Every structure is written in C-alpha cells, then in structure tokens.
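Architecture and fold: a report
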Amino acid sequence: MKLFWSKSRELLDLIPKSFKTDYLIFIVKRRPWLRNTFIALFLMVLMGTGAAYYYMFHYIGDLKDSSGQSIDLDKLGRSSFKRSSYVYANNGEMTGRFYEEIRDPVRLNEVPEQVKNGFIAAEDKRFYRHPGIDARAILSAGIGNLLRSQGIRVWRRSPSGASTINQQYVRLAYADEVSEFKNRDRTLSRKIKEARVAIQVTKRYSRDKILENFLNMIYFGHSVNGVAEASQRYFGKNIRLDKFGLREIAILVSLNKSPSLYCPIFHRPTINSETQLAKEIVRLKNARDRYNWVLGRMLDDGYVSRKDYDEAFFKEEEPLELGFLTLKPLKNRSYGYSNRMIKELLMSQGYNDEDLSYYGGFRIHTTLDPKIQKITSEEFEKHLTLLNAGKKLEDRLNGTFVIIEVKTGKVLALSGGNDFNETEYNRVLASRSPGSGFKPFTYAAAMEYLHKDFFDQICNCPFSMRGGGGKTWAPQNFREENPVPYGYIDFSTGLIRSVNLATLNLARSMGMEPVVRLANSMGVWGNPGIVRDSKGDIWFKKPGYKIKDGLIPLLPTAIGASDVNLLELANAYAVFFRNGVYVRPILVTEVKSTYGDEVIYKPKPSSEKRVLSTETSNKMLALMRAVTKIGTAKISMRDIEQQVACKTGTSNGPRDVSIWCGTPELVIAIRFGIDDYSVIELPEYMRKASGRTDMQVTGGWVAGPLVRKIFDRIYTERQKVEFSTAVEAELHRILNH
C-alpha cells in the first residue's frame, strides 16, 4: 500500500501494456482533505439521524393544535370522546339515548377476542410490537405502491396500509383540535405530525388502552360510532353478551376503512333507475371483496382455520340482501315522550345537556315496563286513528296516557302524544281542564272533613252568582237523555252520575278551602310545567318553569275549571287505590356511570304519607266501582273480567275528554283533546256505531273503550286481582240501596 500511495507512477510502469489498453486506470493519490470530507459527511449523517430520531421520538415542543396550543397528550387517559347516555326500562331493555354522537363505550375485555383479532390482522399486524409507527409497513406499502403503479403485483394479498392503529386513533382523537387530521390533508407534514403524536401516545399508554379507545371512536356509518353501537345497528347484537360470526367481524373491520363504500346494506334506489341500481350492485360487490380480504388477512395471520375461512367467504352468487343483517332503528317511537321527560327530570335535579348528551355517558334506569308500554302504545295509536278517521288535519285529536303502579308509585308507561317525531309537545304535562275528573276530590273532602255518607242528601238545584267581570254565572248539568231530576239526591248519585249542580252545591256548603287543601295533599297543585308532591316540594320541573298559578280556590274548580296536568292527577288517583296513602311518583330509579360500576344519582326514598282515612278511600273506590256499574263508564266496562274503578271527565265544550281508571295494582289516566283547544266534534265511528248525529262526546264514550282494551290485554297475561272485601261491601251497599 505504501508503494501504491507514495510511488504510484512507478507502480504504473509495472503494469503490462495490454492491461493498460483494455482498462481505464485511475490513480488515486493520498489526499488528507478527502479523508476528512468522508469523516465529516459520516458525522453529519450520524448527527442528522440522531436529530431526526430525537425529533420523531422525543421532542414535543412544536406539537401544536390548530389554535397554537400544545397538543394534550394526556387526553387518552381521560377517554374524552363524546358518548351517549342510555335509558333503560325496568327489565334492562334499552329504550332511548341522549346524544350528540351515538356511542356506547366498552372496555377492551368486553370485546370478543376474534373481533379484536380481525382489526389487528387487517389494520396493524405488528400492533403489539412497534413503537407507534411501523417502519416495515411503511416500506412495504411504499414499494407496493411503486410496483403497482408499474403494473407489477408482488404480494398474493395486498398488505394493509402504512398507518398503524396508533396513528389512526390519533387521527380520530385529535380531529377536533388539529384541522389537518380532521381534513385528512394529503401532505407529508400531516403524516409526520400524526406519526409523532402516535409515538408519544404509545409511550404514555398501553397498547390495550389505545386499542380500546380506537374501537370506541371509529365511525361505522348509519349514524353510529364505536364497535358496540355498530354491532347493535347492523346485527342487533350486544357486543358484551353475544357471539359474533366471522362474516359479522369482517364487515365491522371493513367499515373502519370506509363506512359508505363498504356498508353491508343493499340500498335499493328510491327511483326506478337502472344506472343507480347497477352502481349499488357494483358497490356491494366491492364491499364483499373487502370482507373477503379481511377474512384472508385473518387466515394468513393464523386467527382462523381454512375451514372457517371457506365457510365465511362471501360468494358472488349470494343474494344482495343477507338475512343476518338487520338495520335496527335508532329510536323507539313508543318512548319518545317518556325519554324527553326523563331528560327534563334529570335536568331539574342539576344535570345539564352537556352531562346527558355529550360526555356523561350515563346509564339511566327507569321504572317503565316494556310490556305495558307496548300494549298501551299500540292500543292508543289504533284508537287515535279511529277517532280521527275522516277528520281534517286541524280537527284531529291527540292525546296522552300515564300508568302508575299503585303500591310503589312507579310510572310504568306514559306518552305525551301519538308521534314524538311529528310533535315534541308533551301533553302529559299540558295544563288542561280535567272536567269531571276533579270531582272525586270534592266528594273525598266532604267525606273526610264533613263525614258525609253515600245517602246523605245534596241539592241538585240550579243557582246563579256574580262571576268575574260582573257577569252572572249560572252553571248547568251536562245535557243527557235521562238527566238526574232537580231536587235533593243521594250524595253517591252526585259522583256516580257526575252531576254538576249537586257537586257545586256540595262545595258551596263546605267552602273551597278544604277541597283545595285535600287536592294539594294528594299532589294536585295545578302549576304549569311542574309536578309537586304532597308537601309541595317539586318532583318534576320543565326547564325554565317556575311555580305560578295553581288551583283557583273558587267554586268552578270543584267541577274541574282549574287546569292540571295528567301526571299529577293520575298519581293523586292512586291515593284512593292505596288506602289513602300518598307516595311520590318514581320514574328514574338510579343513574350509573358509563361502565355501570358507580351509582351517581339515586332519588330520595319516597316516604309514605297518609292524606285520607282508610274509610274515605274505601268509600271513594266503591263510588268509582259504581261508576262502572251504573254510572258514566257502565257501557265501556260492561262485563269486564278484571275488576276496575273509574271516573270519567268531560270539560266544557267539550275540549277535553278523559278517564281515570284503576285496579288494585294499576291506575291508568287517559286524556284526548285538540291542541288548540277547539271543541271536539263527534268522531265518525261513534256516529256510525250509534246511528245518531246528536250523540254527546264524553270521556266515557271516547276514552272509556280504550281503557277497556288496555286492561283486557294487560290482564290476559297477569293474574286478575280483586278489590278488598271492605270496598266490595261498600259497593254492595250502594247498588242495593
């Protein structure tokens, strides 16, 4: 070597001429600057690599969001994605959601193992080994893209993309803060920032935590986010409890790639278009090719056997609509009004909309009974359709119902109208006249405070008095074919036949103060948008409402002139069936945290309060039992097998027709009316059934048949119950007088 470097020209003379002729010969002399240049370049490359490594894996000073603030790398620990709050019936059935985004977060150990395997196989096979980015996947994807651009196919099955699950999660988690992530900018700077954030997140949290949040954040199409909601939406399956087939897993995994392109549902064009139909068929074929690709990845990585792969494989000859796909509705029409009321009830307890719809993710357990709600909703809708047959839109009735369990005060069913999607006006809380439905409180006050009995005499006598504005008020009895004669009548007849003048004269004899006092003690206050208990404490309050108005302590209130809502009146009627004891109504039993492991709200236990003597409550039930035998509900309750006690209500006009009816177990309250307070016209079916055009519209005729059908259906599946012997003895005394 020394000879070569110091005497290179002499060395050249030693080379044969023929060699010089055939080859180009370069003489490299020893140059210190060249060696130094190589050393400098090596050091520069080494330093650059180190700087790049430090920049990618350690430096976070320039990781900023779109507002210039440092990216919150601790966000993952808070699981701060939006989540729905869920409402459950008394059997655990989900009845509704409060949401900005539909998402039901699950813990990773609740997700079936093969579902997790499917996502890892398709999206990131080295998920548990790389530091947040996968250099091998990046290189493989780059080479593959280059070769495919030249028409060369190397791999038997195309590899997954270069983005790891970590990177995909970062893109989802920080989309609201980093506009490049949200817009999916196709720039190198976005990919670098995404990779750097992914690395930092991976350093801070376990792979399981990243995978858990990733599965909860994915948008799966058809308005649902997260693997739990997707499982319910597409397959009607509970991810925590049900088993999943490979086909279902392949679909879920593919939807992460593109929920619109790989949607498994065949969307038949709404218009008769061959072009649109052909496009949809092609889309669905491509979607099934993607499902098969996912199955292939699972096969390659050893998650499934060849036999299972072959059985799950989507074949070209399969029908466009597959039987195991059931796009479950997001809303249950039967619970629209009850869910709204539950939300407002919790807001009255201090929760706000952000708690309930954005980040709370509560599990709200209620008293609602799905069987009773279903029966009542079905019969209610059919009856409304019957009532509105042939009517113009502006003349159509709407209505409301409430069912309360006597023993506990639990609200088992309710609805504020026919269709929540059509109108959100909740009629169960509307302040309307109960008409004769208020009369039991007048009669109960007379028995409780004046010790009146069934056969004491009250005057069914006309009178007039000066009313508001100096006008004369001369009340009248309801016009009917066989009116109760004027003069003194039995106390019991006044309520059973719902006689206005007799009731008003009874109230005049004792004054309105005891009537209002008793009604208040039974939970009837008449405050718009508010339900108060026996003590006057607020149990429910619509947002923005304050206590105002209330029962007017004037004579017309005795026959229902003061407006009240159906819920407070229904719960008050339950006092009669509960031997005179008031119990605060219950709608929400408890509210739990997202994962159900912490109770964060539980209503105070409702202490029982006696507001009526047992004797008075028994007599009131006997009178209401007589209403179904010889009074205003005798037609609708004729030959009913389950014993019931009822009171009908018809307001002035009539603008509202109602009925309150119960058994020893249940109290049902129903009211019909027109929202703009128009007078109710005779329904066509009643005209045809009676053959008359002058038939009176009353609670007994309009609402009575509906209650009868509801009770008949409920007690087809339940053991029939009887009233106490004390109540039946009082009824016998009335009927045999």
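Refer to the structure presented above.
Summarised in this report is the structure supplied together with it. (Residues numbered from 1 in each chain as written. Predicted model: local features only at pLDDT ≥ 70, side-chain atom pairs only at ≥ 80, totals over all residues. Heavy atoms only, no water.)

Our next topic: the overall build of the chain. For the chain, the helix and strand inventory stands at 28 helices and 21 strands. A globule of 737 residues ought to have a C-alpha radius of gyration of about 27 Å, yet the chain, at 38 Å, is considerably larger. Overall, the chain is about 150 × 55 × 45 Å in size when its C-alpha atoms are taken along their principal axes. Across the 737 residues in the chain, those meeting the buried criterion constitute 52%. A separation threshold of at least 6 residues defines the contact pool for the chain, and within that pool the share at least 24 residues apart is 72%. (Helix = DSSP H or I, 4+ residues; strand = E, 2+ residues; numbered from the N terminus. Rg over C-alpha atoms; globule rule 2.2 N^0.38 Å. Buried < 20%, exposed > 50% of the residue type's maximum accessible area, 1.4 Å probe, protein only. Contact = heavy atoms within 4.5 Å.)

Bringing helix H11 (residues 207–217) into the picture now. Taken across its eleven residues, H11 has nine buried, putting it largely inside the fold. Where H11 is concerned, the buried positions are Arg207, Ile210, Leu211, Glu212, Asn213, Phe214, Leu215, Asn216 and Met217.

What follows covers the packing of aromatic side chains. Centre distance and the angle of the planes are the two values used to describe a pair of aromatic rings. Using the criterion set out here, one finds 23 aromatic pairs in the structure. Relative to Phe214, the ring of Phe119 has its centre 6.4 Å away and its plane inclined at 90°; by these criteria the two rings are edge-to-face. Taken as a pair, Phe119 in helix H6 (residues 113–123) and Phe214 in helix H11 lie far apart in primary sequence, 95 residues in all. Residue Phe119 is classed as buried on the basis of its relative accessible area, which comes to 0%. Judged by relative accessible area, Phe214 falls into the buried class, the value being 0%. With a centroid separation of 4.9 Å and an interplanar angle of 75°, the aromatic rings of Phe127 and Tyr128 are classed as edge-to-face. Judged by its relative accessible area of 0%, Phe127 falls in the buried class. Taken together through their ring pairs, the aromatic side chains of Phe438, Phe441, Tyr573, Phe576 and Trp660 make up a single cluster. (Phe/Tyr/Trp six-rings, centres within 6.5 Å; stacked < 30°, edge-to-face > 60°.)

What follows covers the side chain of Asp124. As for its placement among the helices and strands, Asp124 is situated in the loop between H6 and helix H7 (135–149). Excluding its chain neighbours within four sequence positions, the residues that come into contact with Asp124 are Phe119, His130, Asp134, Thr164, Ile165 and Asn166.

Turning our attention to the packing of helix H24 (residues 614–630) against helix H28 (residues 725–735). Where H24 contacts H28, the axes come no closer than 8 Å and their chain directions differ by 55°. The orientation of H24 with respect to H28, classified from their angle, is oblique. When the axes of H24 and H28 are compared, the crossing they make is right-handed. On H28, the residues touching Asn618, Lys619, Leu621, Ala622, Leu623, Arg625, Ala626, Lys629 and Ile630 of H24 are Ala726, Val727, Glu728, Glu730, Leu731, Arg733, Ile734 and Leu735. (Axes fitted to C-alpha atoms, helices over the stretch in contact; angles between N-to-C directions. Parallel < 35°, antiparallel > 145°, perpendicular 65-115°, else oblique. Left-handed = near helix turned anticlockwise from the far one by under 90°.)

Our next topic: the side chain of Ser338. Here Ser338 lies in helix H16 (residues 336–348). Given a relative accessible area of 0%, Ser338 falls into the buried group. Those residues within four positions of Ser338 in sequence are excluded, and the remaining contacts are Leu368 and Leu414.

Right, let's get into the sheet that holds strand E1 (residues 85–88). Strand pairing in a sheet relies on backbone hydrogen bonds, with the paired strands running either antiparallel or parallel. The strand order across the open sheet built from five strands is E2-E1-E6-E16-E17, with neighbouring strands paired in mixed fashion. The open sheet has two edge strands with one neighbour each: strand E2 (94–98) and strand E17 (599–601). On average, each strand axis in the sheet is tilted by 30° relative to the strand beside it, whichever way the strands run. One ladder, built from four bridges, connects E1 with E2; its direction is antiparallel. Note on E2: the bridge partner recorded for Ser85 is Phe98. Each of E1, E2, strand E6 (363–366), strand E16 (588–592) and E17 is contacted by H16, which is oriented at about 55° to E2, the strand it contacts most. (Pairing = 2+ DSSP bridges.)

What follows covers the packing of helix H19 (residues 439–450) against helix H21 (residues 500–510). In the contact formed by H19 and H21, the axes pass within 10 Å of each other and the chain directions differ by 40°. Between H19 and H21, the angle is such that the two are oblique. When the axes of H19 and H21 are compared, the crossing they make is left-handed. Note on element contacts: H21 touches H19 through Asn500, Ala502, Thr503, Leu506, Ala507 and Met510, opposite Lys439, Thr442, Tyr443, Ala445, Ala446 and Leu450. Considered class by class, the residues forming the contact of H19 with H21 number eight nonpolar, three polar and one charged. (Nonpolar A, V, L, I, M, F, W, Y, C, P; charged D, E, K, R; others polar.)

A few words on H16. The terminal C-alpha atoms of H16 lie 19 Å apart, and with 13 residues this matches the ideal 18 Å at 1.5 Å per residue to within 8%. For H16, every residue scored as buried is listed here: Gly336, Tyr337, Ser338, Asn339, Met341, Ile342, Lys343, Glu344, Leu345 and Leu346. Phi turns positive, to about 110°, at Gly350, one or two residues after H16. (Expected span 1.5 Å × (residues − 1).)

Now for the nonpolar core. If you look at soluble globular proteins, the nonpolar side chains tend to sit buried side by side. By size, the foremost hydrophobic cluster in this structure holds 87 residues, and its most contacted members are Ile364 and Phe576. Looking at this core element by element, the count peaks at ten residues for helix H23 (residues 566–577). Ignoring any residue separated from it by four or fewer positions in sequence, one finds Phe576 in contact with Pro440, Phe441, Ala444, Met522, Leu612, Ser617, Met620, Leu621 and Met624. In terms of nonpolar packing, the next biggest core, distinct from the first, is built from 65 residues, Ile165, Met217, Leu246 and Leu252 among them. (Core = buried A, V, L, I, M, F, W, Y, C linked by side-chain atoms within 4.5 Å.)

It is worth spelling out the state of the cysteines at this point. On inspection of all chains with the given rule, the structure shows two disulfides. One disulfide bridge connects Cys459 with Cys461, the sulfur atoms lying 1.5 Å from each other. Taking the sign of the S-S torsion, about -75° here, the bridge from Cys459 to Cys461 comes out left-handed. Residue Cys459 is classed as buried on the basis of its relative accessible area, which comes to 15%. Shown here is the disulfide that connects Cys646 with Cys661, its sulfur atoms set 1.7 Å apart. (Disulfide = S-S within 2.5 Å.)

Here we come to unusual backbone geometry. Peptide bonds are, in most cases, trans, and in most cases residues other than glycine have a negative phi. Here Gly653 and Pro654 are connected by a cis peptide whose omega angle stands at 0°. By secondary structure assignment, the location of Pro654 is in the loop between strand E19 (645–650) and strand E20 (656–662). In this structure, His451 takes a positive phi of about 60° despite not being glycine. By the element assignment, His451 lies in the loop between H19 and strand E9 (457–460). Look at Tyr677: it is not a glycine, yet its phi comes out positive at around 70°. Looking at where Tyr677 falls in the secondary structure, it is placed in the loop between strand E21 (666–673) and helix H25 (684–690). A residue is classified by how much of its surface remains accessible, and Tyr677, at 37% relative accessible area, is partly exposed.

So, on to the sheet that holds strand E7 (residues 398–405). In space, the five strands of this open sheet follow the order E8-E7-E21-E20-E19, with antiparallel pairing throughout. Looking at which strands have only one partner, the edges of the open sheet turn out to be strand E8 (411–415) and E19. The average angle at which neighbouring strand axes cross in this sheet is 5°, direction not considered. Two elements, E7 and E21, share eight bridges in a ladder whose sense is antiparallel. Among the inter-strand pairings, Ile403 is bridged to a residue of E21, identified as Ile668. Its contacts with the sheet place helix H27 (residues 704–717) against E20 and E21, and it is angled at close to 150° to E21.

So, on to the pattern of salt bridges. Enumeration according to the criterion identifies 45 salt bridges in this entry. Lys209 serves as the salt-bridge partner of Glu212, at 3.4 Å between the closest nitrogen and oxygen. Taken together, the residues span about one helical turn, with Glu212 and Lys209 both in helix H11 at a distance of three residues. Judged by its relative accessible area of 22%, Lys209 falls in the partly exposed class. Notably, a salt bridge pairs Lys343 with Asp353, separated by 2.6 Å at the nearest N-O pair. Of this pair, Lys343 sits in helix H16 while Asp353 sits in helix H17 (residues 353–359), and the two are ten residues apart along the sequence. Taking the relative accessible area as the measure of exposure, Asp353 reaches 31% and is therefore partly exposed. Residues participating in the shared-partner salt-bridge network are Lys374, Glu378, Glu379, Lys382 and Arg713. (Salt bridge = Lys/Arg side-chain N within 4 Å of Asp/Glu carboxyl O.)

Treat this as a map of the structure, not an account of what it does.
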